[in-house]
Amino acid sequence: MATWSEALEQLRRAWEDHAAGIPPKGGPRSPTFRAVSEIPSSRQDIVQLDLGAPDLSRLATLPGIQALVLIGEARTDTVELLGTLTSLRCLSLTTARRADLTPLRHLSHLQHLTLAGTHVTSLEPLTRLVSLESLGLADLAKVSSIAPLTALRRLRWLFIAGGMWSKYRLPTLAPLATLTNLECFVLISAHVQDGSLEPLTKLPRLHHVGLPNYFTITEFARLAACLPAAVGPFRSPWFFEPRKVDRFHYAACKKCHNYAPGMTIGTPSKRLCPHCHADRIAKHLAHWESLVSATRNPPTSSKAAT
Ligand SMILES: [Zn+2]
């Protein structure tokens, strides 16, 4: 069994793999305890506990618990209990409707938090979690701003996933520009309303970026030019590349049946087949190259104008 810090390392690597387009491996899972009394003392691995545990309040008596994954929806009384577990370094929880997250601010040693909850409306309770290095936010249908994250200056891994079933909108990624330690950023199922990736372009340590194909080709090209060493599908003119397939393959081009068409980077994206759309592909690749080099070598006339 991996210790909690090894498991945390694996999770962070999994986020980086996701950004790089590498499919998940799936590792061993911790057993879920149904009662606090089942938890052996001095555990070094992650304690996965069902919130239906009849003796949940006994969590406060466990000495020095460091890593906790809670199964079920946490109500305010549970969050209050968590607020007393100040030895926690690693926490995963899903919140129930109207749960108050304010008590989480006492967890100032927390290095990792995974927070899910379609009912969460504000990230303000996280601003005191200044030791956080990794943060996963999922199913945030109602969170309207990520501005509170600017307080988390040690953040190195950030994973934000919108709702599974509804279109999740974030006004802007601008607050991320202050997170200069950020190394990995993954955004899933979320539309950014100002459409700008500019906040990511000046993050010196950013090396893994996973983004939905909801930005324009110009934004992706600028990011590719500004982050020459970073990994992620935004690097190439393809969101996914066309590939040679068997003529009976489900994704085969309906006309020639020789290729699974690729999807061009940037919205609106096009499905192009190397055999049937060779000229459109050539045009697309040239357009991409011109956008990337325009960012790398801005025209001198604009320099003179400033
Ligand atoms: Zn074709």
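This is a predicted model, so every value here is computed, not measured.

**Student:** Please explain the environment of Trp15 as it appears in this structure.
**Tutor:** Looking at the element boundaries, Trp15 is found in helix 1 (residues 4-19). The sequence separation of Trp15 and Glu241 amounts to 226 residues, and the corresponding C-alpha distance is 21 Å.

**Student:** Would you take a moment to explain the nonpolar core for this structure?
**Tutor:** Burial of nonpolar side chains together is a common tendency in soluble globular proteins. Residues Leu49, Leu68, Leu91 and Phe185 are the most contacted members of the largest nonpolar core, which totals 71 residues. In this structure, Leu49 is in contact with Thr32, Phe33, Ala35, Val36, Ile39, Leu56, Leu59, Leu68, Val69, Leu70 and Ile71, ignoring residues within four places of it in sequence. In this structure, Trp15, Trp157, Phe159 and Val186 belong to the second largest nonpolar core, which totals seven residues.

**Student:** Could you clarify how one ought to interpret the coordination of the zinc ion in this entry?
**Tutor:** Around a metal, the idealised angle for a tetrahedral arrangement of four donor atoms is 109.5 degrees; for an octahedral arrangement of six donor atoms it is 90 or 180 degrees. Taken together, the protein ligands of the zinc ion are Cys253 (SG), Cys256 (SG), Cys273 (SG) and Cys276 (SG), with distances of 2.2 to 2.3 Å. Geometry at the zinc ion is tetrahedral, judged from its four donor atoms and the angles of 100 to 115° they form at the metal. For the zinc ion, the donor residues sit on a single chain with the sequence spacing C-x2-C-x16-C-x2-C. Assessed through its relative accessible area of 0%, Cys273 is described here as buried. Assessed through its relative accessible area of 23%, Cys276 is described here as partly exposed.

**Student:** Could you clarify how one ought to interpret the packing of helix 3 (residues 217-226) against helix 4 (residues 278-296) in this entry?
**Tutor:** Two quantities define a packed helix pair, namely the angle between the helix axes and the distance between the axes. Direction vectors running N to C along helix 3 and helix 4 enclose 55°, while the axes themselves pass 8 Å from each other. In terms of orientation, helix 3 and helix 4 fall into the oblique class. Classified by chirality, the crossing of helix 4 by helix 3 is right-handed. Along its contact with helix 3, which presents Ile217, Thr218, Phe220, Ala221, Arg222, Ala224, Ala225 and Cys226, the element helix 4 presents His284, His287, Trp288, Leu291, Val292, Thr295 and Arg296. Among the residues forming the contact of helix 3 with helix 4, the class breakdown is nine nonpolar, four polar and two charged.

**Student:** How should I be thinking about the packing of aromatic side chains in this particular structure?
**Tutor:** Scanning the model with the defined rule gives two aromatic pairs in all. Taking 5.9 Å as the distance between ring centres and 90° as the angle between the ring planes, the aromatic pair formed by Phe215 and Phe220 counts as edge-to-face. Of the residues examined, Phe215 reaches a relative accessible area of 2% and is grouped as buried. Cation over ring: Lys244 sits above Tyr259, and NZ or CZ is 5.0 Å from the ring centre.

**Student:** Would you mind going over the sheet that holds strand 7 (residues 157-161) with me for this structure?
**Tutor:** Whenever strands of a sheet pair, they do so through backbone hydrogen bonds, lying parallel or antiparallel. Read from one edge of the open sheet, nine strands run 1-2-3-4-5-6-7-9-11, paired in parallel fashion. A strand with exactly one partner marks an edge of an open sheet, and here the two such strands are strand 1 (32-33) and strand 11 (208-210). Pairing between strand 7 and strand 9 (residues 184-188): five bridges, direction parallel. Note on strand 9: the bridge partner recorded for Ile160 is Leu187. Against the sheet, helix 2 (residues 76-83) contacts strand 3 (67-74) and strand 4 (90-95), and its axis sits at roughly 165° relative to strand 3.

**Student:** Sorry, what's going on with the sheet that holds strand 16 (residues 271-272) here?
**Tutor:** On the basis of which strands lie adjacent, the open sheet formed by three strands has the order 12-15-16 and antiparallel pairing. Two strands in the sheet have a free side with no partner beyond their single neighbour: strand 12 (238-240) and strand 16. The sheet contact formed by strand 12 and strand 15 (residues 262-264) spans two bridges and is antiparallel. Residue pairing for strand 15: Phe240 is matched across the bridge by Met263.

**Student:** Explain the side chain of Gln48 to me, please; I cannot follow it from the model alone.
**Tutor:** When you line up the elements, Gln48 lands in strand 2 (residues 47-50). The exposure class assigned to Gln48 is buried, which follows from its relative accessible area of 18%. Separated by 2.8 Å, the side chains of Gln48 and Thr32 make a polar contact. The contact partners of Gln48, leaving out residues within four places of it in the chain, are Ser30, Pro31, Thr32, Phe33, Val69 and Ile71.

**Student:** Looking at this model, I keep getting lost on the pattern of salt bridges. Mind explaining?
**Tutor:** It is possible for side chains of opposite charge to pair when their charged atoms get near one another. Applying the stated criterion to the full structure yields 10 salt bridges. For Glu16, the salt bridge goes to Arg13, with nearest N and O atoms at 3.3 Å. Residue Glu16 and its partner Arg13 are located together in helix 1, separated by three residues, close to a single helical turn. Here Glu133 and Arg156 are joined by a salt bridge, their closest N and O atoms 3.4 Å apart. With a gap of 23 residues between them, Glu133 in the loop between strand 5 (112-116) and strand 6 (134-138) and Arg156 in the loop between strand 6 and strand 7 connect regions that are remote in the sequence. Owing to a relative accessible area of 27%, Arg156 belongs among the partly exposed residues under this scheme.

What counts and how
- Residues numbered from 1 in each chain as written.
- Predicted model: local features only at pLDDT ≥ 70, side-chain atom pairs only at ≥ 80, totals over all residues.
- Heavy atoms only, no water.
- Helix = DSSP H or I, 4+ residues; strand = E, 2+ residues; numbered from the N terminus.
- Core = buried A, V, L, I, M, F, W, Y, C linked by side-chain atoms within 4.5 Å.
- Buried < 20%, exposed > 50% of the residue type's maximum accessible area, 1.4 Å probe, protein only.
- Contact = heavy atoms within 4.5 Å.
- Donors = N, O, S within 2.8 Å, 3.2 Å for Na, K, Ca; no water.
- Tetrahedral: all angles 85-135°; square planar, octahedral: opposite > 155°, others 65-115°.
- Axes fitted to C-alpha atoms, helices over the stretch in contact; angles between N-to-C directions.
- Parallel < 35°, antiparallel > 145°, perpendicular 65-115°, else oblique.
- Left-handed = near helix turned anticlockwise from the far one by under 90°.
- Nonpolar A, V, L, I, M, F, W, Y, C, P; charged D, E, K, R; others polar.
- Phe/Tyr/Trp six-rings, centres within 6.5 Å; stacked < 30°, edge-to-face > 60°.
- Lys NZ or Arg CZ within 6 Å of the ring centre and 35° of its normal.
- Pairing = 2+ DSSP bridges.
- Polar contact = N/O pair within 3.5 Å; in protein donor to acceptor, adjacent residues only side chain to side chain.
- Salt bridge = Lys/Arg side-chain N within 4 Å of Asp/Glu carboxyl O.

Nothing here speaks to function; it is geometry throughout.
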